[in-house]
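What follows is each chain in one-letter form.
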Amino acid sequence: MQDLPPSPDAPVADAAKDNWVDRYAPPFARPYLRLSRADRPIGTWLLLLPCWWGLALAILYDQSPRWGDLWIFVGCGIGAFLMRGAGCTWNDITDRHIDGQVERTRSRPIPSGQVSVKEAVMWMLIQAMLAALILFTFNRAAIGLGFLSLILVAIYPFAKRFTWWPQVFLGLAFNWGALLVWTAHTGVLNSPAILLYAAGIAWTLFYDTIYAHQDTEDDALIGVKSTARLFGEKSPQWLRRFMMTTVGLMGIAVIFSAMPNASILALVIALGGPWAMGWHMAWQMRGLDINNSGKMHQLFLANRDTGIIPLLFFAVALLV
């Protein structure tokens, strides 16, 4: 007897139980929202927070807050949700055969048969076009940067096939918002934004290596590369290096952002951001267990708070 097609009510294996998609979304929409990872909001946070860092430090840099910054702040939130959804949809389209061979991902909408490839492509284009409408409200330089980011988004899903460092490509794509949003506020791309971008890439290497340790056994069987497989038992040493690089580069970005126009007090408060972020990353290191996939998933999720911490310090610095 032929198997029945999966129900649209079948949740994805690594989604949180009782998430809002499974509880409240209409049945016809659930497979598409799962395809966008709307049932797992951590990715949206990790894409959004570098945008908000960039906006905060740009305002600190020129000491010129505007009403338009409120729209940039809100637009980043909506755009991050849409572009993360479009990127995840593209990732699942390209990885559909790989996902079907990995225990954690075989329940995703495409390998499980809930959504066809054609339907996924249409859904990806809808999300990308809606995100473009937000992008078009920014200045020309920011719009140009937005379109350049599509190159990184397109390449990322294939990186794990040709390099042991796919996390670098994820970092390049996920932290692009720091450059874009800085430019949306100032109109030009300055060195502090580039330093902040580099700090975000180091942070991505930290959290996504933790994330990749969930799948090392399956990845080894099917030949998928990752920093988790590359580092193996030496992962803690590499993670410490990424942590120190993140804190150091973000600290320099803060100094370069504050020195032209901000007060000494604002600089000191803003420097508390990378310092406190580093302590939160160190706390994650104390709980590290690369052979415990459940623990690694918990630590990965904790990086939402890791990214919020410096943002809070930057916000206070803008008020003094």
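Along each chain, residues carry numbers from 1 onward, in the same order as the chain's sequence is written. Reporting of local features is limited, given that this is a predicted model, to residues whose pLDDT is at least 70; pairs of side-chain atoms are given and counted only at 80 or more, and all residues count toward the totals for whole chains, interfaces and linings. Values reported for side chains reflect all heavy atoms of the structure, with hydrogen atoms and water molecules removed beforehand.

Participant: How would you summarise the overall build of the protein if you had to cite specific residues and measurements?
Facilitator: Numbered from the N terminus, helices here are DSSP runs of H or I no shorter than four residues, and strands are runs of E no shorter than two. Each helix and strand in the protein was counted, giving 16 helices and zero strands. Within these notes, the globule rule equals 2.2 Å times the number of residues to the 0.38 power, and the radius of gyration is based on C-alpha atoms. At 20 Å, the protein has a C-alpha radius of gyration in line with the 20 Å of a compact globule built from 320 residues. C-alpha atoms of the protein, sized along the principal axes, occupy 75 × 45 × 35 Å. Evaluated residue by residue, the protein yields a buried proportion of 53% over its 320 residues. Within the protein, residue pairs in contact and separated by at least 24 positions form 75% of the contacts whose partners lie at least 6 positions apart. Every accessible area reported is derived by Shrake-Rupley at a probe size of 1.4 Å, with residue values counting cover from the shown protein chains alone. As displayed, the protein has an accessible area near 14,600 Å², and 68% of this comes from carbon and sulfur atoms. Residue burial is assigned from relative accessible area. The probe radius is 1.4 Å, only protein chains are included, and a residue is buried under 20% of its type maximum, exposed over 50%, and partly exposed in between. Only heavy atoms matter for contacts: two residues are in contact if any of them lie within 4.5 Å across the pair.

Participant: Can you break down the packing of aromatic side chains residue by residue, with the values?
Facilitator: The criterion for an aromatic pair is that two Phe, Tyr or Trp rings (for Trp, the six-membered ring) have centres within 6.5 Å, with stacked assigned to planes under 30 degrees apart, edge-to-face to planes over 60 apart and tilted to the rest. As enumerated under the stated definition, the model contains 17 aromatic pairs in all. A ring pair is formed by Tyr32 and Trp123, whose centres lie 5.8 Å apart and whose planes are at 65 degrees; its orientation type is edge-to-face. Highlighted residues: Tyr32 in helix H2 (residues 30-35) and Trp123 in helix H6 (residues 117-135), separated in sequence by 91 residues. Members of the aromatic cluster, joined through ring pairs, are Trp53, Trp203, Tyr207, Tyr211 and Phe300. When the ring centre of Trp238 is taken as origin, the NZ or CZ atom of Arg241, which lies over that ring, is 4.7 Å away. Over the aromatic face of Trp45 sits the side chain of Arg304, whose NZ or CZ is 5.9 Å from the ring centroid. We call a charge positioned above a ring when the Lys NZ or Arg CZ atom is no farther than 6 Å from the ring centre and deviates by at most 35 degrees from the ring normal.

Participant: Explain helix H10 (residues 191-212) to me, and be specific about the residues and the numbers.
Facilitator: Multiplying one less than the number of residues by 1.5 Å gives the expected span of a helix. Taking 1.5 Å of rise per residue, 22 residues should cover 32 Å, and H10 covers 31 Å from first to last C-alpha, within 8% of that figure. Among the 22 residues of H10, 18 are classified as buried, and the element is accordingly described as predominantly covered.

Participant: So what's going on with the packing of helix H3 (residues 42-62) against helix H16 (residues 303-319)? Residues and values would help.
Facilitator: Relative orientation of the contacting elements H3 and H16 amounts to 20 degrees, with a least axis distance of 9 Å. Put simply, H3 runs roughly parallel to H16. Between H3 and H16 lies a crossing whose hand is left-handed. Where H3 approaches H16, its residues Ile42, Trp45, Leu46, Leu49, Trp52, Trp53, Ala56, Leu57, Ile59 and Leu60 are matched on the opposing element by Asn303, Arg304, Gly307, Ile308, Pro310, Leu311, Phe314, Ala317 and Leu318. When residue character is reported, Ala, Val, Leu, Ile, Met, Phe, Trp, Tyr, Cys and Pro are called nonpolar, Asp, Glu, Lys and Arg charged, and the others, Gly included, polar. Each residue belonging to the contact of H3 with H16 can be placed in one class, and the counts come to 16 nonpolar, two polar and one charged. Axis definition: a line fitted to C-alpha atoms, limited for helices to the stretch in contact. Angles are taken between N-to-C directions and run from 0 to 180 degrees. Working rule for angles: under 35 degrees goes down as roughly parallel, over 145 as roughly antiparallel, 65 to 115 as roughly perpendicular, anything else as oblique. Crossing handedness: left-handed means the near helix sits turned counterclockwise from the far one by under a right angle, and right-handed means the same turn made clockwise.

Participant: How would you summarise the side chain of Gln214 if you had to cite specific residues and measurements?
Facilitator: Among the secondary structure elements, Gln214 is positioned in the loop between H10 and helix H11 (216-222). On the basis of relative accessibility, which here comes to 15%, the residue Gln214 falls in the buried class. Here His297 takes part through its side chain, which lies 3.2 Å from a polar atom of the side chain of Gln214. For Gln214, the contacting residues outside a window of four places in its chain are Arg104, Ser293, Met296 and His297. Under the rule applied, a polar contact is a pair of N or O atoms within 3.5 Å (in protein, one hydrogen donor and one hydrogen acceptor; residues adjacent in sequence only if both atoms are side-chain atoms).

Participant: Could you give me a rundown of the packing of H10 against helix H14 (residues 264-286), with the residues and numbers involved?
Facilitator: Two measures define how a pair of helices packs: the angle their axes make with one another and the distance between the axes. The N-to-C vectors of H10 and H14 enclose an angle of 20 degrees; their axes lie 12 Å apart at closest approach. In terms of axis orientation, H10 runs roughly parallel to H14. The element H10 and its partner H14 pack so that their crossing is left-handed. Listed contacts from H14 to Trp203, Phe206 and Ile210 of H10 are Met277, Met281, Gln284 and Met285. Within the contact of H10 with H14, the residues separate by chemical class into six nonpolar, one polar and no charged.

Participant: An account of the environment of Thr137 is requested, with residue identities and associated values reported.
Facilitator: One can find Thr137 in the loop between H6 and helix H7 (140-162). Of the residues examined, Thr137 reaches a relative accessible area of 45% and is grouped as partly exposed. Taking the C-alpha atoms as reference points, Thr137 and Ala173, 36 residues apart in sequence, are found 21 Å from one another. A distance of 2.7 Å separates polar atoms of two side chains, one belonging to Thr137 and the other to Trp71. Of the polar contacts made by the side chain of Thr137, one reaches the backbone oxygen of Ile134; its length is 2.6 Å.

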